Structure formats: structure tokens, C-alpha cells
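Chain and residue survey
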Amino acid sequence: MAEPAAGNTPSGKVVIRNIGLLLSGDIDQPILDADTIVVNDGKIVAFGKEKDCDTEGAKTVIDARRTCVAPGLIDSHVHPVFGDWTPRQGQLGWIDSTMNGGVTTMISAGEVHLPGRPKDIVGLKALAITAQRAFDNFRPGGVKVLAGAPVIEKGMVESDFKELAEAGVGLLGEVGLGSVKAGYEAKEMVAWARKYGIQSTIHTGGPSIPGSGLIDKDVVLEADADVIGHINGGHTSLPVAHVCELCEKSSRAIEIVHNGNEKVAIEAARAALDLKCPHRIILGTDGPAGSGVQPLGILRMVAMLSSIAGIPAELAFCFATGNTARIRNLNCGLIEVGRAADFVFMDRAQHTAGKTLLESVELGDIPGIGMVMIDGIVRCGRSRNTPPATEVPVVAGSAH
Ligand SMILES: [Zn+2]
């Protein structure tokens, strides 16, 4: 997990009190009986009932005003390029805008939209290393963008993966977007990547844009990447029966994305629940893409899965927080001592039919965000993108 980038002033001691609902991110215990979180220098140091926490001497006190606090959302599948710019739809500020949608960590599935992207082996390695460094040094809106995800090409050998890993690259871009499309070839390279600690994701389903190709269930199973990327297609899905077969025959992460087939998203989530492996479900947007940029994409996925697939909202939030953190070995996504103090503060949107935040999500409404915190530092107050939250937290005091 990336540490705070250079120039990021430590948060000092932060106390978040008067929490109405604390979501843990842990699918085995999604709701915590706690109203207070104590943070020091960007990490959670305690949580529980206020009377049991050492709240003295805080530099910053947040009164959550009985709203819901959850771990910051993780987008498991994005395609950044450089800075807070995407050439895909010619937009600036998309990462900061996504932070206003509660996302505090993004994971690159390849910097595939870079104009003139190199496809030779030296060039693709250089790009991956440069992207990893650039996003480690520059965090738009404070968002942790884990980038530098090379798209593998024919001709790569084991030493290329060793070299990438030693240079700090920890992810592969979507397998199948480059010239490696056959199962046996992908399998060999995925295994080399895994040997050196590089996590892999495979493109699943029909071609995303002209020039890319179909990756069918047999290739996905043979390649055995760590994440079955956009199992519901990006955009075009495999047949439902094949998606269910992937859930059953593979034990890898089941990634469901916004920019995929929504009907199959529901089917994939249900299949995972039927197989008693809800911990494998993780969420992404697969943006920017032809469908645009979705600052609220992860919240929309949570609301869609909860409302249409009938999944309790507190579980659906785990798909976008703790599940992803555990599968991707991130030090965020869960309310646990020692984890990053990355939080989203939410309340039921004004005038939703839901009487509570969780009920509103189960009815298909997205929450209103009242604050986002990353590494214990407030990054935004009332979101400029969500519908307005009924109640929002306030900074109740700060000592010096
Ligand atoms: Zn894809």
C-alpha cells in the first residue's frame, strides 16, 4: 500500500465522534457497535464507544452528527493516464470528482488510453514504472491511485516481470488488451507475475473497443489471473451460464463493473452468494471509457446490487471496501486499528423514501455524501456530486 505522498502534512490526532452508524467494510461483521474513531497521523488508533476512547488532545474533532461513517470506497478497475486528466473523453478533474463520490483509492487496470502508448517491451515497462511513480508522487484530491499496470505483450520473458517488480510495479493491466490473448500464453505470464508479487487482472468478455478481442471463459480459467476483471463484461458480457461457471470453477476475485452488462452484474452477484463466497465480490467502474467518467459509479453499483439483487446494503458496501482491500492487500478499506484513516461520511439523501441510509440504498437511492477523509485529512465536505445528504458532519473543533 502506498504511503502518503511527499508533501502530505500528517493529520495529527483526529477524533470523529457522534457517529450514528459505523460500517466496518468486513463482510463477516459489517456493522460495528461504535460511535467514535480516533486517528493519529493518518492511521486508525482506536474505535468504540466514546467513553472508552482516549479523545483528549485532538488536533481536529469531527462531529459526525449521527451520520454514517464507512471506509473510503475503492474502485478496483480504472484506466488513468497521467495527472487528473483523461484523454478518453477529454476530461479534467475526473479523479477529484470521483473523490466527491466517496472513492479514496483507485486501482489501475492499465494506462491504456495514453496517446501513443508504447507496445514494445522496453517501452511498456518504462511507461508502467513512470505511471507508478507519477501517481505515487501526485494524488488528485488526495486519492490513492495505484497505477503502473503494464499491458502484457507477446515476447515478454520471466526476467521482464522480475525487473518490473523490482522497480515497484505491483499490478498487471488487463490481460487480453495486448497481443497476449491465448490462454496458454497468458497463464505463463500471469504465473511469472505472481511469482514476483505482481497481481493480475484479466479482461473478460467481448472486445471493449475496435481492435481489442474476445476473452472467453476457457481463456479466463486457463490464464488464472488473480482478478476475473469485469466478469459482467466491459461492456459486452459472456453468456450468463459462462459467468456462473467462472464463479464456480475459479476461486479468484469476481470483479463487477459499472461499465458492463447490468443484468449480468446482478446474476454474477447472485451466483457468488449462492456459492457462499460473497467475500470474492469486488466493484469497479472500468472508467474512463466509452460510457464516460462515473464519479458516482461505485455508489451506483452498491445501490444497484443492493436494490435489484436484494443484498443488504451493509454487505454491498463491503464489496467496495473490505473485500477489495483484502483481495488486493491494501492497508485501507476496513475499520481496524492500524489501517489508513480513509472514510466516507454519508446520510440518506434528502427526500429519499428510505427512512434510514441503509433502507434508502436498498430502495435503489444513492446516499448523500457529507464529507470525505483520506489519511485523516478532510478532502471535501458536502459532495458536489451526490444528492444532498440530510445531515452532514461538522468540524467541531481544532486545537493547536
Ligand atoms: Zn476490459
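Not measured: the values here are computed from a predicted model.

What counts, and where the lines are drawn
Residues numbered from 1 in each chain as written. Predicted model: local features only at pLDDT ≥ 70, side-chain atom pairs only at ≥ 80, totals over all residues. Heavy atoms only, no water. Salt bridge = Lys/Arg side-chain N within 4 Å of Asp/Glu carboxyl O. Helix = DSSP H or I, 4+ residues; strand = E, 2+ residues; numbered from the N terminus. Buried < 20%, exposed > 50% of the residue type's maximum accessible area, 1.4 Å probe, protein only. Pairing = 2+ DSSP bridges. Right-handed = clockwise from strand over helix to strand, strands pointing away. Axes fitted to C-alpha atoms, helices over the stretch in contact; angles between N-to-C directions. Parallel < 35°, antiparallel > 145°, perpendicular 65-115°, else oblique. Left-handed = near helix turned anticlockwise from the far one by under 90°. Contact = heavy atoms within 4.5 Å. Nonpolar A, V, L, I, M, F, W, Y, C, P; charged D, E, K, R; others polar. Domains from an automatic or database assignment. Buried area = accessible area lost by both parts, 1.4 Å probe. Polar contact = N/O pair within 3.5 Å; in protein donor to acceptor, adjacent residues only side chain to side chain. Donors = N, O, S within 2.8 Å, 3.2 Å for Na, K, Ca; no water.

**What about the pattern of salt bridges?**
Here the idea is simple: oppositely charged side chains can pair when their charged atoms come close. Evaluation of the coordinates by the stated rule reveals 25 salt bridges. D160 is paired through a salt bridge with K125; the nearest N and O atoms lie 2.7 Å apart. Here D160, found in helix α3 (residues 158-166), pairs with K125, found in helix α2 (residues 121-137); they are 35 residues apart in sequence, far enough to count as distant. Accessibility expressed as a relative area gives 8% for D160, which makes it buried. Overall, the relative accessible area of 8% leaves K125 in the buried class. Each of D26, R326, E336 and R339 takes part in salt bridges that share partners, so that together they form one network.

**Section: the pairing of strand β16 (residues 281-284)**
Because side chains alternate across β16, one face comprises the buried residues I281 and L283, and the other comprises I282 and G284, equally buried. In terms of strand pairing, strand β15 (residues 253-257) meets β16 through four bridges, oriented parallel. Bridge pairing in β16 places E255 opposite I282. As a crossover connection, the stretch from β15 through helix α7 (residues 262-274) into β16 is right-handed.

**Focus: the packing of α2 against α3**
It is the contact of α2 with α3, at a shortest axis distance of 10 Å, that shows an interaxial angle of 20°. Overall, the two elements α2 and α3 adopt an arrangement that is roughly parallel. For the pair α2 and α3, the sense of crossing is right-handed. Counted together, I121, K125, A128 and I129 of α2 and D160, E163 and L164 of α3 form the full contact between these two elements. The residue makeup of the contact of α2 with α3, split by class, is four nonpolar, no polar and three charged.

**Some thoughts on the sheet that holds strand β4 (residues 36-40)**
Read across the open sheet, the five strands follow the order β5-β4-β1-β6-β20; overall the sheet is mixed. For this open sheet the edge positions go to β5 (43-48) and β20 (394-398), each flanked by a neighbour on one side alone. Put simply, the sheet's adjacent strands are angled 20° from each other on average, direction ignored. In terms of strand pairing, β4 meets β5 through five bridges, oriented antiparallel. Bridge pairing links I37 to F47 in β5.

**As for the domain arrangement of the chain**
Under the domain assignment, the chain is made up of domain 1 (13-71 + 333-397) and domain 2 (73-295). Of note, the centres of domain 1 and domain 2, computed from C-alpha atoms alone, are 29 Å apart. If you look at the interface, domain 1 gives 17 residues, while domain 2 gives 19 residues. Across the domain 1/domain 2 interface, buried area totals approximately 1200 Å², and carbon plus sulfur atoms make up 55% of it. Where domain 1 touches domain 2, the interface holds four salt bridges. On the surface where domain 1 and domain 2 come into contact, there are eight residue pairs in polar contact (both at pLDDT 80 or more). For the side of domain 1 that touches domain 2, the secondary-structure elements that each account for two or more residues are β18 (368-374) and β19 (377-380). By residue number, the principal contributor to the side of domain 1 that touches domain 2 is β18, which donates four residues. Of the residues contributing to the side of domain 1 that touches domain 2, the split by class is nine nonpolar, four polar and four charged.

**A word on the packing of helix α6 (residues 240-249) against α7**
For the pair α6 and α7, interaxial distance at closest approach is 9 Å and the crossing angle is 35°. At the point where α6 passes α7, the crossing takes the right-handed sense. For the pair α6 and α7, the contacting residues are V240, V243, C244 and C247 in the first and V264, E267, A268 and A271 in the second. Here the residues of the contact of α6 with α7 are counted per class, giving seven nonpolar, no polar and one charged.

**Here we look at the coordination of the zinc ion**
Donor atoms from the polypeptide that bind the zinc ion are E174 (OE), H203 (ND1) and H230 (NE2), placed at 1.8 to 2.3 Å. Sequence positions of the donors to the zinc ion reduce to the motif E-x28-H-x26-H. With E174 in the loop between α3 and α4 (183-195) and H230 in the loop between β14 (227-228) and α6, this residue pair connects regions lying 56 residues apart in the sequence. Taken individually, E174 and H230 each receive the classification buried, so the pair is uniform in this respect.

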